[in-house]
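The residues making up each chain are set out below.
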Amino acid sequence: MDETIPNIRQLGAFAAVVEHGSVTRAAEAVYLTQSALTQAIARLEGELECRMFDRLPGGMRPTAPAELLAPRVHDALKRIGSRRVTAPQIRAFLAVSSAGSYSGAADRTGLAPASLHRAVADLSLELGERLVERRGRYLTLTTKGARRALNFRLALADLRSGYAEVAEWLGKAKGKIVVGAMPLSRARWLPAAIVRHLKQFPATDVVVVEGSHDELVGPLRNGEIDILLGALRHDGADDDLAQQKSFEDHPKIVMRHAHPLAGKRIPSPKDLKRFEWVLPTASTPLRSFWTELFGGDVDPPHVSIECGSVLTIREILLQTDNLTLLSPDQLRVEIDAGLLRTAPRPKPFRAPSGLPRGETGIQRVSSAHSSKRYKIWLTGIRKF
């Protein structure tokens, strides 16, 4: 979790001036003195190192950086739900929600458990909601607390993007893209996209977070990951995400080079059932693809090992007669070196009309804002 949380009340003052166009009207709307509001704006301008408003006789006009920041702040404050919430309260609550205890949160933040407890209690009082509850020795979030934690994380993602966009406008930003990479994207697609993007923006930091879809979709929804690359889902579970197909993968049967089936140009169904298989879990599109290949008339072979790690699968294939179904791109080095080989799917195995295609592409949060550099990244990665 990013421990740098902007001053929420300061941003509330900024949003009020943008909305009302003058310090006087904004101060009345948010129940602050004009001097307090003016000081809050001055501190924000000092932090961002740029002017947020042009002071005119008729009021306050937002500058270009302010117009970049304002929509992010508006959405963030809407997610937070109160302009009286403080950064220490949010930091404490998110630390507790991640650690599952005040002692664990204290280890992560360096703050005393009593301070964290007081901050979470004050936040709960401010929002008028019970956020955490104790179940035996464990601390859990209430239903409202879980919803607040998600909204806070999304709000902070909005604010980080807004601050980064202002810095980019000023020519001071390095920029950062956080990419969730499922197995299929790591072989060629993602490396090629990173190299191409860094040639255009050498100062950009690219953070790659590897994992399965189940491991990465939560951080994507929370705003911790900008985009997720890999096999697309079409079962309705990701309807809240925007999905865009980039290409279709064509997985093949893979085996060690000296496998007993290596001499057969097209192995038969009987041949394939003689050997053990190593495949990802049943919840993955690849496993569904493999199952459907056998249709309803032939029982699929036994899967003795369930594994999603390409590195682990590779080592198992090199040392056994196990078979797998993978994209050749994921094992290109071993195939080119003559250690592994591919075989075509047997002709008698006709996939039914409902066979899931190996669609690979981009997933992102539908409502997420996109900075200029983020849009350029998306454009580049779609050109693969």
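Details of the structure are given in the entry above.
It should be emphasised that the depicted structure is a prediction, and the values quoted were computed from it without experimental measurement. (Residues numbered from 1 in each chain as written. Predicted model: local features only at pLDDT ≥ 70, side-chain atom pairs only at ≥ 80, totals over all residues. Heavy atoms only, no water.)

Trainee: Sorry, what's going on with the overall build of the chain here?
Mentor: Along the backbone of the chain there are 15 helices and 14 strands. Within the span of the chain, comprising 384 residues, buried residues form 45% of the whole. Carbon and sulfur atoms provide 51% of the accessible area of the chain, an area that totals close to 19,400 Å². (Helix = DSSP H or I, 4+ residues; strand = E, 2+ residues; numbered from the N terminus. Buried < 20%, exposed > 50% of the residue type's maximum accessible area, 1.4 Å probe, protein only. Areas by Shrake-Rupley, 256 points an atom, 1.4 Å probe, with all protein chains shown as cover.)

Trainee: Got a minute to help me understand the pairing of strand E1 (residues 53-56) in this structure?
Mentor: Every regular strand shows the same layout, with side chains that alternate between the two sheet faces. Relative to strand E2 (residues 59-62), E1 runs antiparallel, the two sharing 4 bridges. Of the residues in E2, the one forming a bridge with Leu56 is Gly59. Linking E1 back to E2 in an antiparallel pair, the connection comprises 2 residues. (Pairing = 2+ DSSP bridges.)

Trainee: Can you help me understand the packing of aromatic side chains in this one?
Mentor: The way to describe two aromatic rings as a pair is by their centre distance and the angle between their planes. Within the structure shown, the criterion is met by 3 aromatic pairs. An angle of 50° between the planes, with centres 5.7 Å apart, marks the rings of Phe14 and Phe53 as tilted. Residue Phe14 is found in helix H1 (residues 8-20), and its partner Phe53 is found in strand E1; the two are separated by 39 residues along the sequence. Residues Phe14 and Phe53 agree in their burial class; the two are buried. (Phe/Tyr/Trp six-rings, centres within 6.5 Å; stacked < 30°, edge-to-face > 60°.)

Trainee: I'm lost on the packing of helix H5 (residues 87-99) against helix H8 (residues 143-169) in this one. Help?
Mentor: Axes are the key here: two packed helices are described by the angle between their axes and the distance separating the axes. At a minimum axis distance of 10 Å, the contact between H5 and H8 shows a crossing angle of 120°. Taken together, the axis directions place H5 and H8 in an arrangement best described as oblique. Relative to H8, H5 is oriented so that their crossing is left-handed. Across the interface between the two elements, Ile90, Phe93, Leu94, Ser97 and Ser98 of H5 pack against Gly145, Arg148, Ala149, Phe152, Arg153 and Leu156 of H8. (Axes fitted to C-alpha atoms, helices over the stretch in contact; angles between N-to-C directions. Parallel < 35°, antiparallel > 145°, perpendicular 65-115°, else oblique. Left-handed = near helix turned anticlockwise from the far one by under 90°. Contact = heavy atoms within 4.5 Å.)

Trainee: Can you help me understand the sheet that holds strand E13 (residues 340-343) in this one?
Mentor: In sheet architecture, strand pairing relies on hydrogen bonds along the backbone and comes in two forms, parallel and antiparallel. Read from one edge of the open sheet, 3 strands run E12-E9-E13, paired in antiparallel fashion. Both edges of this open sheet fall to strand E12 (324-326) and E13, since each of them pairs with a single strand only. Taking the axes of each pair of neighbouring strands and ignoring which way they run, one obtains an average angle of 45° across the sheet. In the sheet, strand E9 (residues 252-256) pairs with E13 via 4 bridges, with the strands oriented antiparallel. Bridge assignment links Ile253 to a residue of E13, and that residue is Ala343.

Trainee: Teacher, can you tell me more about the nonpolar core here?
Mentor: Side chains of nonpolar character tend, in soluble globular proteins, to be buried together. In terms of nonpolar packing, the biggest core is built from 52 residues, with Phe14, Met52, Ile90 and Phe93 touching the most fellow members. Of all elements in the fold, only H1, helix H2 (23-30), helix H3 (34-48), helix H4 (64-80), H5, helix H6 (102-109), helix H7 (113-127) and H8 reach the threshold of two or more residues within this core. Counting residues in each nonpolar core, the second largest holds 26 residues, with Leu286, Cys307, Val310 and Ile335 among its members. (Core = buried A, V, L, I, M, F, W, Y, C linked by side-chain atoms within 4.5 Å.)

Trainee: Please clarify how the environment of Ala13 should be interpreted in this entry.
Mentor: Tracing the chain through its elements places Ala13 in helix H1. A relative accessible area of 2% means that Ala13 is categorised as buried. Residues Ala13 and Ala27, 14 residues apart in the sequence, show an inter-C-alpha distance of 8.0 Å.

Trainee: How should the side chain of Arg72 be read in this particular structure?
Mentor: Along the chain, Arg72 turns up in helix H4. A polar side-chain atom of Arg72 sits 2.7 Å from a polar atom in the side chain of Glu165. (Polar contact = N/O pair within 3.5 Å; in protein donor to acceptor, adjacent residues only side chain to side chain.)

Trainee: Explanation requested: the environment of Ser124 in the structure shown.
Mentor: With respect to the helices, strands and loops of the structure, Ser124 is situated in helix H7. Counting along the chain gives 21 residues from Ser124 to Gly145, while the straight-line C-alpha distance between them is 8.9 Å. Among all residues touching Ser124, those that are not within four sequence positions of it are Glu129, Arg130 and Leu131. Among the polar contacts made by the side chain of Ser124, one reaches the main-chain carbonyl oxygen of Glu129 at a distance of 2.3 Å.

Trainee: Hey, could you run me through the side chain of Ser327 in this one?
Mentor: You can see Ser327 is positioned in the loop between E12 and helix H14 (332-336). Sequence-distant contacts of Ser327, defined by excluding residues within four places in its chain, comprise Leu184, Asp249 and Pro251.

Trainee: Honestly, unusual backbone geometry in this entry has me stumped. Any pointers?
Mentor: Excluding glycine, most residues fall at negative phi; most peptide bonds, likewise, are trans. Phi is positive for Tyr31, close to 60°, though the residue is something other than glycine. Of note, Tyr31 is situated in the loop between H2 and H3. Taking relative accessible area as the criterion, Tyr31 reaches 76% and is therefore assigned exposed. Backbone geometry at Glu49 places phi at a positive 60°, although glycine is not the residue there. Looking at the secondary structure, you find Glu49 in the loop between H3 and E1.

Trainee: Honestly, the pattern of salt bridges in this entry has me stumped. Any pointers?
Mentor: Pairing between side chains of opposite charge can happen when the charged atoms of each approach one another. Tallied over the entire structure, the rule returns 17 salt bridges. Arg51 is the partner of Asp54 in a salt bridge, and the nearest nitrogen-oxygen pair spans 2.7 Å. The buried category is assigned to Asp54, whose relative accessible area is 19%. Salt-bridge contacts for Glu129 lead to Arg148; the nearest nitrogen and oxygen are separated by 2.9 Å. Of this pair, Glu129 sits in the loop between H7 and strand E3 (132-135) while Arg148 sits in helix H8, placing them 19 residues apart in sequence. A single burial state applies to Glu129 and to Arg148, both of which are buried. (Salt bridge = Lys/Arg side-chain N within 4 Å of Asp/Glu carboxyl O.)

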